[in-house]
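Given next are the chains, with one letter for each unit.
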Amino acid sequence: MAPDISTSTIEERREYIKKTFPCIADCDMCGLCTVFHGKDANRLTVSLFRKKA
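If you're wondering where the values come from, they're calculated on a predicted model, not measured in any experiment.

Caption draft 1: Expanded view of the side chain of S8. Secondary-structure assignment places S8 in the segment before helix 1 (10-20). Among the residues examined, S8 registers a relative accessible area of 3% and is labelled buried. A distance of 2.7 Å separates a polar atom in the side chain of S8 from the backbone oxygen of D4.

Caption draft 2: Region of the structure containing the environment of C33. Here C33 shows up in helix 2 (residues 32-35). In this structure C33 comes out as partly exposed when scored by relative accessible area, which is 43%. Sequence-wise, C33 and C23 are 10 residues apart; in three dimensions their C-alpha atoms are separated by 8.8 Å.

What counts, and at which threshold
Residues numbered from 1 in each chain as written. Predicted model: local features only at pLDDT ≥ 70, side-chain atom pairs only at ≥ 80, totals over all residues. Heavy atoms only, no water. Helix = DSSP H or I, 4+ residues; strand = E, 2+ residues; numbered from the N terminus. Buried < 20%, exposed > 50% of the residue type's maximum accessible area, 1.4 Å probe, protein only. Polar contact = N/O pair within 3.5 Å; in protein donor to acceptor, adjacent residues only side chain to side chain.

What follows is the structure, given as structure tokens:
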């Protein structure tokens, strides 16, 4: 289950993304890079899952 954005830390959210969307090093069989527009899913957590003050 995804961590609650209002109570989790950015580190917890990054770890969730890392475990949920691991790179399997087989781009032809995966498709995650396409979903994330060629960017590493973990790097996207900075902008997508940052807590707003």
